[in-house]
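Structure at a glance
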Amino acid sequence: MNRRYRGDGRAGTAVPAIVFAGLFLSLSAFLLIRAATSDAEHALADRQAIQLHDELKTRFDHQSVLLRALSGPMAGPEPVTEASFSSAAEPLLPLYPNLRAVVWSRRMAERDLPLLERAMRSAGHTSFAVRYAAEDAELEPGADRFVNVLAEPKSAASLIGLDMASLPGQRDVLVRSCAANRVVAAEGEPLRAEFGPDSALIYLPVYSRDVDAGEERFAARTVCDVLTGFLWTSFDVDQLLRDAVLRVGLTVGDAYLLDPKAGTPRLLAAEGALSRPGELPHPPIRPLTVEQLNGEAATRAIVRDIAYGGRVWRLYVVPGAVRLFSADDRLAWTMLIGGLLLTAGAVAYVLREARTKRLLRTEARARAAMARALRESEERFRMALRYSKVTLFTQDLDLRHLWVYCPQPDFRPERMIGRTDAELFPQDADRLISVKRSVMERGIGARCEVEMTYNGIRRALDLSVEPMRDDTGAVCGIICAAVDMTESVEIREALARAHAEAERANQAKSRFLAAASHDLRQPFQAMSLFHHILLSKLDDPQQVEVANKLGEALSAGNTLLSTLLDTSALEVGNVKPRVVDFDVQDILGRLSIEIGDQAIDRGLELRVVPCSVRVRSDPILLERMVRNLLVNALRYTTEGRILLGCRRRCEGEGGDRLSIEVWDTGPGIAEAEMTAIFEDFYRCGTDQRDSGRGLGLGLSIVRRMAQMLDHPVAVRSRVGHGTVFTVSVPRLVQHCPCAAAAE
């Protein structure tokens, strides 16, 4: 640049002038815009401070709303119990995340304290005793006590029995609240050990009757005579400020909440500014102390007082320090940088040609590298295709082969190029030509599996055909990929044949068992008859015991055989459902009598809930399904009870249905076994060699009957708590005759 302007004195003089003028104008614009931005930031800080003040005042008032909402039952004639207080407070507690506790302090005369202790102990608080803040607490003789008798949530139960008037300085606060008939905030830290130093207490007096304004003002003593107690709450001031900062979206600076009336000003809470919308509140990055807030930071802090409950909280909003680089000064920095860029324009013009040459050389090197990468990719592609079974080829509009790549030796390109499918594959040409013509006409690719004969060898190919287009977008041919699937097809056909053989064998077995069911059951029936005859002829106790064991074995064998035969009958399809309308109570009543005795023998309780609904189903099969579920519950439940009941449900397009449910208190079923329990011969959580719990066919029979009747079966379970099985049955909706007449 110096070499260019060395011989031009006028240009050499203009360059410094342009540089000086550009710098002066850029700096001037920068300073002016920065000053305007600073004024806007200060206005925003003042506006957000007002919003934060209003939000905090509203949240303080919400505490009063909570107390007044709960004070209604306290002033009524009915005594407030722990259950009624809990039912009134629990729905409101989730609305106040900053709440520590809500407590009812009952006014008690000193002489009535023993009566209160006996009443609370009889109500369940066995260790209840009136206690004071300290053993040496100054208690005025004959003065009333305000004892905590109810508290929510349950974690605040340690406060029950505490006399609030024994806390330092709290009797004066209670007297002031009673006389003024309004919410009063406690000063200092009366329950610091229980709730922490950042908590605040407010009291609301509750009277036995309504108190009007005139009575408050002129007869404070009379008003306090009808006082029944105080409803008070403790809330987290730190959480209160955090929620307010999040609601307002404070971005201009940090917020501090102080108690200025204490012996020395006390910092209650502090929250940092949010750098972006949606950010979670956090403490200030560089927190200030009380001395700094009243000292060096007071000049730029925005202070607002919040009056509530007879106290004043002081809110400080301290804007962040002015930084040289900030997002709000983008325009100022843009003007400065723009001026500097304009000043450097001459230098950029001189360097443009050299930069252009460098870019051209870089582009040439990039093109060469791309060409090398393309060649390497093509070589790798050819190597991959060389050892695969994929054949690639293209054909023109007349279906003549233009290019062929085939790794198999019998498809040599020189024998295929220039020839059509009709010439190469005369036996299978029609199928190939129809697929390829369809792709060329529609312009949409297709994929199909074809079989063709070439050189006397039958092959199965997975053929993919895509249209090939010219520069104008018109179809000029097709490009195809054929994968040799001959071995896969042969394996698939062999597997299909094997599967068919297995199915035929299974069906033959099921038909045999179904046909021979009578012959298989007859020996067991004969043995049972002989067993009864034998029992009638035995007198020796040891022989009777052996005969009883024999009877148990015969009964178990007969049950297992019947289960196997029933499963086979269901598989073959010999069982045909007979769907009728009937009262479901008929089934419930029979099962209640049948299963109830078995449950009593096992030390269990069977409870059946009556139901008056009519359903549409096969009563015999449905009763058998429910019986299997009850028997399954008996087998796996060792203690507790079993419940059989019904629920009415409306499943939209499924219509009105009745859900028959079997609940038990057994060991439960793991999530991984939920599907397997309906399989044949699967017994959940037991030794598969243990025949005492059946063959594992009960639930599989339920599944088959449910599919036959279209009665969906569902199961829910918790390990260690129990299981519930549900059978969904169509129910009949009985319309009211009055409604039918009206229609």
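Refer to the structure presented above.
The structure reproduced in this document is the subject of the present report. Per-chain numbering applies: the sequence of each chain, read as written, is numbered from 1 onward. Reporting in this predicted model follows two pLDDT cut-offs: at least 70 for local features of residues, and 80 or more for side-chain atom pairs to be given and counted; totals over whole chains, interfaces and linings ignore these cut-offs and use all residues. The side-chain quantities take in all heavy atoms of the structure and omit both hydrogens and water.

As summarised here, the arrangement of the five strands in space is β16-β18-β19-β21-β20, forming an open sheet in which the pairing is mixed. Edge positions in the open sheet fall to β16 (605-608) and β20 (713-718), since each of these has one partner strand only. Mean inter-strand twist for the sheet, computed between neighbouring axes without regard to direction, equals 20°. When DSSP locates at least two bridges between a pair of strands, those strands are taken to pair. Elements are defined by DSSP. Helices are runs of H or I of four residues or more, strands are runs of E of two residues or more, and each kind is numbered from the N terminus. Relative to strand β21 (residues 722-730), β20 is paired through six bridges, and the arrangement is antiparallel. When the sheet's bridge partners are listed, R716 is paired in β21 with V724. Sheet strands in contact with helix α19 (residues 584-601) are β16, β18 (641-650) and β19 (656-664), and its direction is about 170° off that of β16. Only the contacting stretch of a helix is used when fitting its axis, a line to C-alpha atoms as for every element, and angles between N-to-C directions run 0 to 180 degrees. Any two residues having at least one pair of non-hydrogen atoms within 4.5 Å are treated as being in contact.

Throughout, nonpolar core names a set of buried Ala, Val, Leu, Ile, Met, Phe, Trp, Tyr and Cys residues whose side chains join them through atoms within 4.5 Å. Buried, partly exposed and exposed residues are distinguished by accessible area as a fraction of the type maximum, computed with a 1.4 Å probe on protein chains only: under 20%, between the cut-offs, and over 50%, respectively. Core analysis: the biggest nonpolar cluster contains 78 residues, and L52, L191, Y203, L231, W232 and W313 have the highest contact counts within it. It is helix α2 (residues 9-75) that contributes the most residues to this core, nine residues altogether. Setting aside residues up to four positions removed in sequence, L191 forms contacts with L159, L162, M164, L167, G196, L201 and W232. Residues L622, I642, M674 and F678 belong to the second largest nonpolar core, which totals 39 residues.

Another point: the environment of S700. Take S700: it is sitting in helix α21 (residues 698-709). Owing to a relative accessible area of 0%, S700 belongs among the buried residues under this scheme. It is 9.7 Å that separates the C-alpha atoms of S700 and A676, two residues lying 24 residues apart in sequence.

Attention now goes to the pattern of salt bridges. A side chain of one charge can pair with a side chain of the opposite charge if their charged atoms are brought near each other. For this analysis, a salt bridge means a side-chain nitrogen from Lys or Arg found within 4 Å of a carboxyl oxygen belonging to Asp or Glu. Inspection of the entire model under this criterion finds 27 salt bridges. Between D236 and R100 there is a salt bridge; the shortest N-O distance is 3.1 Å. Taken together, the positions of D236 in strand β5 (residues 227-236) and R100 in strand β1 (residues 99-108) put the pair 136 residues apart, joining distant regions of the chain. By relative accessible area, which is 12% here, D236 ends up buried. Given the relative accessible area of 24%, R100 is considered partly exposed. Measuring nitrogen to oxygen at the nearest pair gives 3.2 Å for the salt bridge that ties R616 to D581. Here D581 lies in strand β15 (residues 580-583) and R616 lies in strand β17 (residues 614-617), a separation of 35 residues in the sequence.

Okay, a positive patch on the surface next. Only residues above 30% relative accessible area that lack a salt bridge enter a patch, with like-charged residues linked at up to 9 Å and the nonpolar side chains Val, Leu, Ile, Met, Phe, Trp and Tyr linked at up to 5 Å. To measure how exposed things are, a 1.4 Å probe is used in the Shrake-Rupley method; for residues, cover is taken only from the protein chains shown. Only four residue types enter the tally: Lys and Arg on the positive side, Asp and Glu on the negative side; His and the chain ends are excluded. For charged residues, the charge sits on one atom: NZ in Lys, CZ in Arg, CG in Asp, CD in Glu. On the surface, a cluster of positive charge is made up of R352, R355, K357, R358, R361 and R365. Tracing the backbone through its elements, the reader meets R358 in helix α12 (residues 345-386). R358 sits in the partly exposed class, given a relative accessible area of 45%.

There is a patch of nonpolar side chains on the surface, built from V19, L23 and L340 and spanning about 210 Å² of accessible area. Relative to the assigned elements, V19 resides in helix α2. Classification of V19 by relative accessible area gives partly exposed; the value is 33%.

A separate point is the sheet that holds strand β6 (residues 253-259). Ordered by their spatial adjacency, four strands build an open sheet running β7-β6-β9-β8, and the pairing between neighbours is antiparallel. The sheet is open, and its two edges are formed by β7 (266-271) and β8 (302-308), each paired on a single side. Each adjacent strand pair in this sheet contributes to an overall mean axis angle of 25°, direction not counted. Of the strands in this sheet, β6 and β7 touch helix α9 (residues 237-248), which is tilted by about 35° from β7.

A word on helix α20 (residues 619-636). By this rule, a helix spans an expected 1.5 Å times one less than how many residues it contains. Compared with the 26 Å implied by 1.5 Å per residue over 18 residues, the 26 Å span of α20 between its first and last C-alpha is a close match. Buried within α20 we find L621, L622, E623, M625, V626, N628, L629, L630, N632, A633, L634 and Y636. The backbone nitrogen of I620 lies 3.0 Å from a side-chain oxygen of the residue at the head of α20, namely D618. Two N or O atoms count as a polar contact when they lie within 3.5 Å, although within protein this holds only if one can serve as hydrogen donor and the other as acceptor, and sequence-adjacent residues are included solely when both atoms are side-chain atoms.

Its location among the elements puts V608 in strand β16. By relative accessible area, V608 is classed as partly exposed at 21%. Expressed as a C-alpha distance, the spacing of V608 and G645, which sit 37 residues apart in the sequence, is 6.0 Å.

Glancing now at the environment of F230. Structurally, F230 is set in strand β5. Residue classification places F230 among the buried positions, given a relative accessible area of 1%. Between the C-alpha atom of F230 and that of V103, which follows or precedes it by 127 residues, the distance is 8.4 Å. With sequence-adjacent residues up to four places away left out, F230 is seen in contact with V103, W104, S105, F146, L174, S177, C178, Y203, L204 and P205.

Bringing the packing of α20 against α21 into the picture now. Contact pair α20 / α21: the axes reach a minimum separation of 9 Å and the direction vectors enclose 150°. Here α20 is positioned roughly antiparallel relative to α21, judged by the angle of their axes. Handedness of the α20/α21 crossing: left-handed. On α21, the residues touching L621, L622, R624, M625, N628, L629 and N632 of α20 are G698, L699, I701, V702, M705, A706, M708 and L709. Classifying every residue of the contact of α20 with α21 gives 11 nonpolar, three polar and one charged. Any angle between 65 and 115 degrees counts as roughly perpendicular, while under 35 counts as roughly parallel, over 145 as roughly antiparallel, and the rest as oblique. Definitions for this section: a left-handed crossing has its near helix turned counterclockwise from the far helix by less than a right angle. A right-handed crossing has that turn clockwise. Residues are grouped as follows: Ala, Val, Leu, Ile, Met, Phe, Trp, Tyr, Cys and Pro are nonpolar; Asp, Glu, Lys and Arg are charged; every other residue, Gly included, is polar.

Relative to strand β14 (residues 475-484), strand β10 (residues 390-396) runs antiparallel, the two being bridged by seven bridges. Across the sheet, residue T391 finds its bridge partner in β14, namely A482. Of the strand pairs in this sheet, strand β13 (residues 457-469) and β14 are connected by nine bridges, and their pairing is antiparallel. Across the sheet, the residue bridging to D462 is V483, located in β14.

Attention shifts here to unusual backbone geometry. What is expected of a backbone is that most residues other than glycine have negative phi and most peptide bonds are trans. Along the chain, E152 connects to P153 via a cis peptide bond; the corresponding omega equals -5°. Tracing the backbone through its elements, the reader meets P153 in the loop between β2 (145-152) and α5 (170-180). The residue L399 is not glycine, and still its phi comes out positive at about 65°. Summarising the element assignment, L399 is placed in the loop between β10 and β11 (401-405). Since its relative accessible area comes to 4%, L399 is described here as buried.

Turning our eyes to something else, we now look at the packing of aromatic side chains. To pair, rings of Phe, Tyr and Trp, with the six-membered ring standing in for Trp, must have centres within 6.5 Å; the planes then decide the type, stacked if under 30 degrees apart, edge-to-face if over 60, and tilted in the middle. Taken as a whole, this structure holds seven aromatic pairs when the rule is applied. Plain terms: the ring middles of Y203 and W232 are 6.5 Å apart, the flat faces sit at 45° to each other, and that makes the pair tilted. Here Y203 is found in strand β4 (residues 199-207), whereas its partner W232 is found in strand β5, with 29 residues between them in sequence. Among the aromatic residues, those joined into a ring-pair cluster are F60, F235, Y308 and W313.

Where α19 contacts α20, the two axes come as close as 11 Å, and the packing angle between them is 25°. Accordingly, the angle class assigned to the pair α19 and α20 is roughly parallel. When you trace α19 past α20, the crossing you get is right-handed. Facing I587, R590, L591, E594, I595, Q598 and A599 of α19, the residues of α20 in contact are P619, L622, E623, V626, R627, L630, V631 and L634. In terms of residue class, the contact of α19 with α20 is built from 10 nonpolar, one polar and four charged.

Our next topic: α19. Compared with the 26 Å implied by 1.5 Å per residue over 18 residues, the 26 Å span of α19 between its first and last C-alpha is a close match. Here the bend at a residue means the angle between the axes of two seven-residue stretches, the one that ends at it and the one that starts at it. When the local axis directions of α19 are compared, the greatest deviation, roughly 30°, occurs at I595. Listed as buried for α19 are V584, I587, L588, L591, I595, G596 and A599. Buried positions along α19 lie against β15, β16, β17, α20, β18 and β19. G603, located one to two residues past α19, shows a positive phi value of around 75°.

Read these as spatial facts, not as claims about activity.
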